[in-house]
There are 2 protein chains.
Amino acid sequence: MTRRVVLLSGGVGGARLARGFEHLEDVEATVVVNVGDDDTFYGWSVSPDVDTVLYTLAGQEGPHGWGRAGDTTVLMDHLARFGVDTRFRIGDADAALNLYRTMRLRDGDPLDAITADLAGMMGIRSTVVPATNDRLRTEVLTGPGHWTAFQEYFVLRGHRDEVTAVRFAGEETARPAPGVVEAISDADAVVIAPSNPPLSVWPILAVREIAASVRDARRVMAVSPLFGGRALKGPADRVLTSLGLPPGNAGVVAAYPGLIQDLFIDGADQADVPALTGSGLSVHAGSTRIAEKDQAISFVRLMMDLLGPAS
Amino acid sequence: MTRRVVLLSGGVGGARLARGFEHLEDVEATVVVNVGDDDTFYGWSVSPDVDTVLYTLAGQEGPHGWGRAGDTTVLMDHLARFGVDTRFRIGDADAALNLYRTMRLRDGDPLDAITADLAGMMGIRSTVVPATNDRLRTEVLTGPGHWTAFQEYFVLRGHRDEVTAVRFAGEETARPAPGVVEAISDADAVVIAPSNPPLSVWPILAVREIAASVRDARRVMAVSPLFGGRALKGPADRVLTSLGLPPGNAGVVAAYPGLIQDLFIDGADQADVPALTGSGLSVHAGSTRIAEKDQAISFVRLMMDLLGPAS
């Protein structure tokens, strides 16, 4: 029997976990992707997390957590000669994808339809869907009264600023993309990826109807992004504590209050298990390294086994 | 002494004549360029005639009358893979220039300032200025009630349709770009380039204040785009006759009624001279081939000599 899984995903960590599900024959995965990082560069509507998921599922992901493998930068090199700020570097194939999306958005097509077409062109089996087709933007407070757009904070300033608050512009009105709520309701499990909880997962849950359907889901499992209490890459550990959450995996649990029934943590954090376990939360410690496809497949197989026999 | 010349220019023919003036030390040339061909492709604001002039003056012109020499098409090749219509092919360096212009236009900068900055970056001595910063679009009637945008007619349909009328959307409100009227008033001569009269020069004269200042100019000289009664390239001869103007150089004269004092025609059309001469029009027959830089320099030198000693 086929299991239905919905994965709530940010960029790299979520994409890697999604790759595991992509290759499990008996799983139908829907990857609901964060769009809080979306922005406009060079007049193009960029959706970095959506693209990281697409590229990773297609086996085309770039080596640094963004963009496409083996991409050239002919256009950026020319642009720089005109004095254009090209710190947000987009390779040529990646530029074409962003331009394609931008042209279709201008033609009035919704982001989910464009994303589905891209996934189709790339031969991806999983359903990849943006959390919302509406405008929703993650902003971080990096100084008194100083709200910063996500990409400015993350890419241009190298996520070095301390984040003391986070908000999601547009959350009051953002509706789930078509099919997202239905996929969550039908899922045997909702899996929260090892993405940055406040910066990559909260903006998905900021869509009210998505948060409500996750609360009602059959089972919700989260994978911690921490290894020995630290993020492998990116500011997840720092952001959790600067936002006032407990350090380490207690912070991950606190980020999803009452929402998750299972937490997967790395074996390096095994000592956290007793303190975390309880009030309806099962904690599973083991290797959560999923950078390689085979690691990801083994890991999601283990998660699926926890669900018991498929109905 | 320095002479001041204003050249009214379309694409290739005008750009080649402008190259002659660019290399005459004792001439200060202002090239007023047609923007009726401007359009939007891939979300970029393209200004094909402006760019042909810039590339030609910088010695970077592409071999086919558009784009940049030696350009690559990495971006277009990627775009085509997404199913995007890339018949309007823009090379990578050219794409960067178009993207740069588009970004600055979106920032609120006017086309003339952007063009001046590009000319500066490209080391161009002449002043290159769009006829207007306002929206002005050439449209051609190619069938009953069927008005076609210029680039659709010219590039996508290969200018094969018969043009029975031409109009310039926006002409009622378009104002000359800053400095254009002043340059014409100050000029020792206004030169109408060997560009397509109805399709490349009329849209410049469609800006009312430009037409008025040309009528009041000290001297107006036109160079015919015809050789043996035919355009070297493009549909100038066909368009003149399909619009109801006389065939050959009589059509060129009729396209600029009462406006020009001198007409330069190719030696191949020498037989036209007697019929054309008169009512204040001097006709000069000789080689008007200016594809090579040295030919263009010799030709404009000859034009300048006609003006008599510089004052």
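The structure under discussion appears in the preceding block.
Throughout what follows, the structure given in this document is the object of discussion. The model shown is predicted, which means the values in this text are computed figures rather than measured ones.

### Digging into the overall build of chain A
- Counting secondary structure elements, chain A contains 13 helices and 14 strands.
- In terms of overall size, chain A behaves like a compact globule, its C-alpha atoms giving a radius of gyration of 19 Å where 311 residues would be expected to give roughly 19 Å.
- The dimensions of chain A, computed from C-alpha atoms along their principal axes, are 60 × 45 × 35 Å.
- Looking at chain A residue by residue over its 311 residues, the buried ones come to 51%.
- Counted over contacts in chain A with a minimum sequence separation of 6, partners at least 24 positions apart contribute 67%.

### Description of the sheet that holds strand β6 (residues 137-141) of chain B
Residue and element names in this part refer to chain B.
- In spatial order, the strands read β7-β6-β8; together these three strands make up an open sheet with antiparallel pairing. Every other strand in the sheet has two partners, leaving β7 (147-149) and β8 (165-169) as the edge strands with one partner each. Sheet twist, expressed as the mean angle between neighbouring strand axes with direction ignored, is 35°.
- Direction of pairing for β6 relative to β7: antiparallel, over a ladder of three bridges.

### Thoughts on the sheet that holds strand β1 (residues 3-9) of chain B
Residues and elements named next belong to chain B.
- Pairing within the open sheet is parallel, and its seven strands lie in the order β5-β2-β1-β9-β10-β13-β14. Of all the strands in the sheet, just β5 (127-130) and β14 (282-286) have a single pairing partner and so form its edges. Mean inter-strand twist for the sheet, computed between neighbouring axes without regard to direction, equals 20°.
- Sheet topology note: the β1/strand β9 (residues 189-192) ladder contains four bridges and is parallel. Along β9, the bridge assignment pairs V6 with V190.

### Points about the interface of chain A and chain B
- Each side of the interface is counted separately: chain A has 20 residues, and chain B has 20 residues.
- Counting only elements with at least two residues in the side of chain A that touches chain B, the list comes to α3 (74-81) and α4 (92-106) of chain A.
- Sorting elements by how many residues they give to the side of chain A that touches chain B places α4(A) first, with 10 residues.
- Class assignment for the residues of the side of chain A that touches chain B results in 14 nonpolar, four polar and two charged.

### Some points on the relation of the copies chain A and chain B
- It takes a turn of 180° to lay chain A on chain B, together with a shift of 0.0 Å along the axis; the resulting RMSD is 0.0 Å. What the superposition gives is, in effect, a two-fold axis relating one chain to the other.
- A shared interface surface links the copies, since 100% of the contact residues of chain A are contact residues in chain B too.

### Observations concerning the environment of D94(B)
All names here are of chain B.
- With respect to the helices and strands, the residue D94 is situated in helix α4 (residues 92-106).
- We classify D94 as buried; it has 26 C-beta atoms within 10 Å.
- Taking the C-alpha atoms as reference points, D94 and R68, separated by 26 residues in sequence, lie 6.2 Å from one another.
- Residues in contact with D94, not counting those within four places in the same chain, are G67, R68 and D71.

### Focus on the packing of α3(A) against α4(B)
- One can describe the packing of α3(A) onto α4(B) by two numbers: an axis separation of 8 Å at closest approach and a directional angle of 50°. Judged by the inter-axis angle, α3(A) sits oblique to α4(B). In the crossing of α3(A) with α4(B), the sense of the turn from one axis to the other is right-handed. Packed against α3(A), whose contacting residues are V74(A), L75(A), H78(A) and L79(A), the element α4(B) presents D92(B), A93(B), A95(B), A96(B), L99(B) and Y100(B) at the interface.
- Here the contact of α3(A) with α4(B) is built from residues that sort into eight nonpolar, one polar and one charged.

### Examining helix α1 (residues 12-22) of chain A
Residue and element names in this part refer to chain A.
- Of all 11 residues making up α1, 11 are buried, and the element is well covered by its neighbours.
- What α1 keeps buried is the set V12, G13, G14, A15, R16, L17, A18, R19, G20, F21 and E22.
- As for α1, its buried residues are in contact with β1 (3-9), β2 (27-33), α2 (48-57), β10 (220-223) and α13 (293-306).

### Focus: the packing of α4(A) against helix α5 (residues 111-121) of chain A
Residue and element names in this part refer to chain A.
- At a closest axis distance of 10 Å, the pairing of α4 and α5 adopts a crossing angle of 140°. In terms of axis orientation, α4 runs oblique to α5. The two elements α4 and α5 meet at a crossing, and its hand is right-handed. The segment α4 lies against α5, with L97, R101, R104 and L105 engaging L111, I114 and L118.
- Its residues assigned to classes, the contact of α4 with α5 comprises five nonpolar, no polar and two charged.

### Describing the pairing of strand β13 (residues 262-266) of chain A
All names here are of chain A.
- Here β13 lies mainly inside the structure; five of its five residues are buried.
- Both faces of β13 are covered, namely the face carrying D262, F264 and D266 and the face carrying L263 and I265.
- Summarising the sheet, β10 and β13 pair through three bridges and their orientation is parallel. What sits directly across from A222, in β13, is L263.
- In the sheet, β13 pairs with strand β14 (residues 282-286) via five bridges, with the strands oriented parallel. Its bridge partner being in β14, L263 is matched across the sheet by V283.

### Quick look at the environment of V46(B)
All names here are of chain B.
- In this fold, V46 is placed in strand β4 (residues 44-46).
- We classify V46 as buried; it has 22 C-beta atoms within 10 Å.
- When the C-alpha atoms of V46 and N196 are compared, they prove to be 19 Å apart, with 150 residues separating the residues in sequence.
- What V46 contacts, discounting residues up to four positions off in sequence, is D38, D39, F41 and N98.

### Looking at unusual backbone geometry
Residues and elements named next belong to chain A.
- The phi dihedral of Y42 falls on the positive side, at around 55°, and the residue is not glycine.
- Its location among the elements puts Y42 in the loop between β3 (39-41) and β4 (44-46).
- Of note, the phi angle at H159 is positive, near 40°, even though the residue is not glycine.
- With respect to the element layout, H159 can be found in the loop between α6 (150-156) and β8 (165-169).
- When the 19 C-beta atoms within 10 Å are taken as the criterion, H159 is described as partly exposed.

### A word on α3(A)
- V74(A), L75(A), M76(A), H78(A) and L79(A) are the residues of α3(A) that are buried.
- Taken together, the buried residues of α3(A) touch α4 of chain A together with α3 (74-81) and α4 of chain B.
- Backbone geometry just after α3(A) places G83(A) at a positive phi near 85°.

### A short note on the environment of T142(A)
All names here are of chain A.
- Along the chain, T142 turns up in the loop between β6 (137-141) and β7 (147-149).
- In this structure the C-alpha to C-alpha distance between T142 and G278, which are 136 residues apart in sequence, comes to 34 Å.
- Here T142 is in contact with T148, Y153, D161, E162 and V163, once residues within four sequence places are set aside.

What counts, and at which threshold
Residues numbered from 1 in each chain as written. Chains lettered and ligands numbered in written order. Predicted model: local features only at pLDDT ≥ 70, side-chain atom pairs only at ≥ 80, totals over all residues. Helix = DSSP H or I, 4+ residues; strand = E, 2+ residues; numbered from the N terminus. Rg over C-alpha atoms; globule rule 2.2 N^0.38 Å. Buried ≥ 20, exposed ≤ 12 C-beta atoms within 10 Å, placed from the backbone. Contact = placed C-beta atoms within 7 Å. Pairing = 2+ DSSP bridges. Axes fitted to C-alpha atoms, helices over the stretch in contact; angles between N-to-C directions. Nonpolar A, V, L, I, M, F, W, Y, C, P; charged D, E, K, R; others polar. Least-squares fit on C-alpha atoms with pLDDT ≥ 70 in both. Parallel < 35°, antiparallel > 145°, perpendicular 65-115°, else oblique. Left-handed = near helix turned anticlockwise from the far one by under 90°.

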